[in-house]
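Take a look at the letters that make up each chain.
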Amino acid sequence: LPNEILLSIVDSYVESTEPPDLQVRQSNLTQLSHVCSKLRAVIVGCPKYWNTICSGLRKEEIMQTYITRSAGMDVNIVILEKHGQDACETLMKLASRVSNRWRSFSLVLSHSWDLQYALARSFSRLDCYLLYLQLPRLRSLRIHYGTSPISFTSDFFTTWSYPGLRSLDLMNIAPKLAPTSLAS
């Protein structure tokens, strides 16, 4: 079959999960990539399957593979505390290197004060990756805190430059400075 038909089949299969779930999506892609070498080559060679980089990937090598395979496309960064501090910190370290390609950024910290307090020391190291980023392609910013963070700059995003921001979703945070741009 031609690559276009194979991509259409892959799209249909991957998009069949309701509601969309990043881990299920990746699992589906992995299953399909084991069907045959041609299908694997099509999946690996299509940047749109690699442009959402989530802390759920857990390993630095896998995250780096996603960044490489996204081939210059805009990327979506998803950091979920439930994946653990090492995964979150690793993703921020890698993602900050390609911040000029971020289309969306989502950070969701736990509703559990105990868990957040236990992770606070680790998350304090995020400041070096989160402050003063240039984000020319950022369109969507989502930051949800279960409770207010206790050890890192909770309104780090006010130091960012994001001229094309269209959507801002904050929970349990009151930034000291208002974001400077929300494009119409």
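By convention here, each chain's residues receive numbers from 1 onward along its written sequence. Thresholds applied to this predicted model are a pLDDT of at least 70 for local features of residues and 80 or more for the giving and counting of side-chain atom pairs; totals over whole chains, interfaces and linings are not thresholded and use all residues. Side-chain measures here rest on the full set of heavy atoms in the structure, leaving out hydrogens and waters.

Visitor: So what about the sheet that holds strand 1 (residues 52–54)? Which residues, and what values?
Guide: Pairing between strands is defined by DSSP: at least two bridges between the two strands are required. Here a helix means four or more residues in a row that DSSP labels H or I, a strand means two or more in a row labelled E, and each is numbered from the N terminus. Spatial ordering of the open sheet is given by 1-2-3-4-5, a layout of five strands whose pairing is parallel. Here the strands that pair on one side only, and so sit at the sheet edges, are strand 1 and strand 5 (167–171). The average undirected angle you get between the axes of adjacent strands in this sheet is 10 degrees. Working rule for contacts: check all heavy atoms of both residues, and any pair within 4.5 Å makes them a contact. Angles shown run from 0 to 180 degrees and are taken between the N-to-C directions of axes, each axis being a line fitted to C-alpha atoms and, for helices, limited to the stretch in contact. Relative to strand 2 (residues 75–80), helix 5 (residues 85–96) is tilted by about 155 degrees, and along the sheet it contacts strand 1, strand 2 and strand 3 (102–108).

Visitor: Can you lay out the pattern of salt bridges for me, pointing to particular residues and giving the numbers?
Guide: Any carboxyl oxygen of Asp or Glu within 4 Å of a side-chain nitrogen of Lys or Arg constitutes a salt bridge here. Evaluated as defined, the whole model comprises five salt bridges. Across the pair K93 and E60 runs a salt bridge, and its minimum N-O distance is 3.4 Å. Of the two residues, K93 sits in helix 5 while E60 sits in helix 4 (residues 60–69), which places them 33 residues apart along the sequence. The salt bridge involving R142 is made with D169; its shortest N-O contact spans 3.8 Å. Separated by 27 residues along the polypeptide, R142 in strand 4 (residues 140–144) and D169 in strand 5 bring together distant segments of the chain. In this structure, a network of salt bridges that share partners links the residues D74, R103 and R137.

Visitor: An account of the side chain of H144 is needed here, citing residue identities and associated values.
Guide: Looking at the element boundaries, H144 is found in strand 4. Relative accessible area serves as the criterion here: at 12%, H144 is assigned to the buried category. One polar contact links H144 to D169, side chain to side chain, over a distance of 3.1 Å. If we skip the residues at most four places from it in the chain, H144 touches L107, V108, L109, D169, L170 and M171. Think of it in three bands: residues with accessible area under 20% of the maximum for their type are buried, residues over 50% are exposed, and the middle band is partly exposed, with areas taken using a 1.4 Å probe on protein chains only. A 3.5 Å cut-off defines polar contacts: any pair of N or O atoms within that distance qualifies, except that in protein one atom must be a possible hydrogen donor and the other a possible acceptor, and neighbouring residues in sequence count only when both atoms are side-chain atoms.

Visitor: Residue-level account of the packing of aromatic side chains, with values.
Guide: A pair of Phe, Tyr and Trp rings is counted when the ring centres sit within 6.5 Å of each other, with Trp represented by its six-membered ring. The angle between the planes then sorts it: under 30 degrees is stacked, over 60 is edge-to-face, the rest tilted. This model, assessed by the stated rule, comprises five aromatic pairs. On the basis of an interplanar angle of 80 degrees and a centroid distance of 4.9 Å, the ring pair of W50 and Y66 is categorised as edge-to-face. Taken as a pair, W50 in the loop between helix 3 (37–44) and strand 1 and Y66 in helix 4 lie far apart in primary sequence, 16 residues in all. The pair formed by W50 and Y66 is uniform in burial state, with each residue classed as buried. An angle of 75 degrees between the planes, with centres 5.7 Å apart, marks the rings of W102 and W160 as edge-to-face. Within this pair, whereas W102 is found in strand 3, its partner W160 is found in the loop between strand 4 and strand 5, the two being separated by 58 residues in sequence.

Visitor: So what's going on with the confidence of the model for the chain? Residues and values would help.
Guide: Along the chain, pLDDT gives the predictor's confidence residue by residue, from 0 to 100. On average, residues of the chain score 81 in pLDDT, and 79% of them reach the 70 mark or higher. When pLDDT is averaged over each helix and strand of the chain, the minimum, 51, is found for helix 6 (residues 113–123) and the maximum, 93, for helix 3.

Visitor: I'd love a proper account of the nonpolar core, names of residues and values included.
Guide: Grouping buried Ala, Val, Leu, Ile, Met, Phe, Trp, Tyr and Cys residues that are joined through side-chain atoms within 4.5 Å yields what is termed a nonpolar core. Membership of the largest hydrophobic core comes to 44 residues, with the highest contact counts inside it found for W102, F105 and W160. For this core, the leading source of residues is helix 5, giving six residues. Setting aside chain neighbours within four positions, we find W102 in contact with V75, I77, M92, A95, S96, L133, L135, R137, L138 and W160.

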